[in-house]
2 protein chains.
Amino acid sequence: MDHLIEKTLTSKEIFKGRVIDLYLEEVELPNGKTGTREIIKHPGAVAVIALTDDNKLLMVEQYRKALERALVEIPAGKLEKGESPESTAKRELEEETGYTCEKLEKIVSFYTSPGFADELVHLFLAKGLTKSTVAAELDEDEFLDVLEVTLEEAQAMVEDERIYDAKTVYAVQYLQLQQALHK
Amino acid sequence: MDHLIEKTLTSKEIFKGRVIDLYLEEVELPNGKTGTREIIKHPGAVAVIALTDDNKLLMVEQYRKALERALVEIPAGKLEKGESPESTAKRELEEETGYTCEKLEKIVSFYTSPGFADELVHLFLAKGLTKSTVAAELDEDEFLDVLEVTLEEAQAMVEDERIYDAKTVYAVQYLQLQQALHK
């Protein structure tokens, strides 16, 4: 593996944003030549497969400006500084859907776009949901609709591309696999 | 859904790179207030679940500068301008692993990071693999090792986080689901 390493020669900050930072790096390639890498730094995020007692999946529909369209996704959000993934998962679930959970289990983590970004998503399974007495509390620039769907409805949404992002297609396939294994 | 739309007020190009472009957009939020969105434009990519005749999975290990570590991933690559996802899949499979395929089937597409990027990944299943007589031909800044692993080995690599990116954990779960469904 060591023979694949790229050494940093220079690193230049191009942009520092609210969500992402962009760096342009000059690297020494394994063959000794020089290359450039465009790198996005992101704080990381969590996503939650939230199952109600009657086995429905909580989803949020929101506009994604990068895509100029709305997507149906599992609840998710960015890690705050110093916040654990577990706390972020509970907070985002409650903020976005108004539900709290009794059981929270880590399923998997993955980098979303390792070719250019360091965003790591931690995926959780939440059960024992209770509708909170306080209303959902969104960020000031966050607008979304909450949906409750069956696994079959979610699979249909993957087919017709209303569900169209990595963490949510992974989540739907995860539930299909659990169903297939425990039949 | 229309009540969720964010209208573009201004769009400013911050960076135009070899792989990604960065835009800063001012938007009108659904409540009439103004917000900003940091947006990465990416050409899109393909990824290939390539199964050999003895049911092994072709993987590539490469250094990911954004993560400062190597990952084991399924073969993948960016779409060239005007190139169809199918052609890209065949080209990248051959360039990275030296294998051509007889059968290529589209499985699913997904956006990797809809919160800030428009990167869309098209995932294919390739079978009927033949080792090409010409050597693998990589981009000049691309260095990788080719691995052939069983599904069980791939699952272990997900556990110990050598496999750690969205498209590849999706691919491993896809094969687990196929196995569970066809047992």
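Right above here is the structure, for reference.
Residues numbered from 1 in each chain as written. Chains lettered and ligands numbered in written order. Predicted model: local features only at pLDDT ≥ 70, side-chain atom pairs only at ≥ 80, totals over all residues. Heavy atoms only, no water.

### Considerations on the relation of the copies chain B and chain A
- Overlay of chain B on chain A (RMSD 0.0 Å): rotation 180°, translation along the axis 0.0 Å. On this basis, the relationship between the two copies can be described by a two-fold rotation axis.
- In this assembly the copies share their binding face: 100% of the residues contributing to the interface of chain B also contribute to that of chain A. (Least-squares fit on C-alpha atoms with pLDDT ≥ 70 in both. Contact = heavy atoms within 4.5 Å.)

### A look at the packing of helix H3 (residues 166-181) of chain A against helix H3 (residues 166-181) of chain B
- H3 of chain B packs onto H3 of chain A with a crossing angle of 25° between their chain directions and a minimal axis gap of 9 Å. Judged on the interaxial angle alone, H3 of chain B and H3 of chain A are roughly parallel. Relative to H3 of chain B, H3 of chain A is oriented so that their crossing is left-handed. Judged by residue contacts, Ala166, Val169, Tyr170, Gln173, Tyr174, Gln176, Leu177, Ala180 and Leu181 of chain A of H3 of chain A engage Ala166, Val169, Tyr170, Gln173, Tyr174, Gln176, Leu177, Ala180 and Leu181 of chain B from H3 of chain B.
- Here the residues of the contact of H3 of chain A with H3 of chain B sort into 14 nonpolar, 4 polar and no charged. (Axes fitted to C-alpha atoms, helices over the stretch in contact; angles between N-to-C directions. Helix = DSSP H or I, 4+ residues; strand = E, 2+ residues; numbered from the N terminus. Parallel < 35°, antiparallel > 145°, perpendicular 65-115°, else oblique. Left-handed = near helix turned anticlockwise from the far one by under 90°. Nonpolar A, V, L, I, M, F, W, Y, C, P; charged D, E, K, R; others polar.)

### Here's the deal with the sheet that holds strand S3 (residues 34-41) of chain B
Residues and elements named next belong to chain B.
- Strand order in the open sheet formed by 3 strands is S1-S2-S3, with antiparallel pairing between adjacent strands. The open sheet has two free edges, formed respectively by strand S1 (7-16) and S3, since each of these has just one partner strand. The mean angle between the axes of side-by-side strands here comes to 20°, regardless of whether they run parallel or antiparallel.
- With 8 bridges joining them, S1 and strand S2 (residues 21-28) adopt antiparallel strand pairing. Paired with serine 11 across the two strands is glutamate 25, which belongs to S2. (Pairing = 2+ DSSP bridges.)

### Digging into helix H2 (residues 151-159) of chain A
- All of the buried residues along H2 of chain A are Leu151, Ala154, Met157 and Val158 of chain A. The buried residues of H2 of chain A all sit within an arc of 115° when viewed along its axis, so they share a single face.
- Against strand S5 (57-64), strand S6 (69-73), strand S10 (144-149) and H3 of chain A together with strand S8 (99-111) of chain B lie the buried residues of H2 of chain A.
- Where H2 of chain A terminates, the next one or two residues include glutamate 161 of chain A, which has phi positive at roughly 65°. (Buried < 20%, exposed > 50% of the residue type's maximum accessible area, 1.4 Å probe, protein only. Arc of directions from axis to C-beta.)

### Notes on the interface of chain B and chain A
- The interface is formed by 68 residues belonging to chain B together with 68 residues belonging to chain A.
- In this assembly, chain B packs against chain A so that about 6000 Å² is buried in total across both faces, 67% of it on carbon and sulfur atoms.
- Sorting the residues of chain B by area buried against chain A places Glu38, Lys65 and Gln173 of chain B first, and these three jointly supply 12% of that buried surface.
- Across the chain B-chain A interface, the total number found is 4 salt bridges.
- The interface formed by chain B and chain A includes 28 residue pairs in polar contact (both at pLDDT 80 or more).
- Looking at which element gives the most residues to the side of chain B that touches chain A, the answer is H3 of chain B, with 10 residues.
- Per-class residue counts for the side of chain B that touches chain A are 37 nonpolar, 13 polar and 18 charged. (Buried area = accessible area lost by both parts, 1.4 Å probe. Salt bridge = Lys/Arg side-chain N within 4 Å of Asp/Glu carboxyl O. Polar contact = N/O pair within 3.5 Å; in protein donor to acceptor, adjacent residues only side chain to side chain.)

### A short note on the side chain of glutamate 73 of chain B
- Here glutamate 73 of chain B shows up in strand S6 (residues 69-73).
- Of note is the side chain of glutamate 73 of chain B, whose polar atom sits 2.8 Å from the side chain of arginine 64 of chain B.
- Other than its neighbours up to four places away in sequence, glutamate 73 of chain B contacts Pro114 of chain A together with Met59, Val60, Gln62, Arg64, Asp165, Lys167 and Thr168 of chain B.

### A short note on the pattern of salt bridges
Residue and element names in this part refer to chain A.
- Applying the stated criterion across every chain yields a total of 31 salt bridges over all chains.
- When the shortest N-O distance is used, the salt bridge between aspartate 141 and arginine 18 registers 3.4 Å. Pair noted here: aspartate 141 is in the loop between strand S9 (120-131) and S10 and arginine 18 is in the loop between strand S1 (7-16) and strand S2 (21-28), with a separation of 123 residues, a long-range link.
- Here glutamate 92 ties to arginine 91 by a salt bridge, and the two come within 3.2 Å at their closest N and O atoms.
- Judged by relative accessible area, which is 4%, glutamate 92 ranks as buried.
- When salt bridges that share partners are traced, they join Glu80, Glu83, Arg91, Glu92 and Glu95 into one network.

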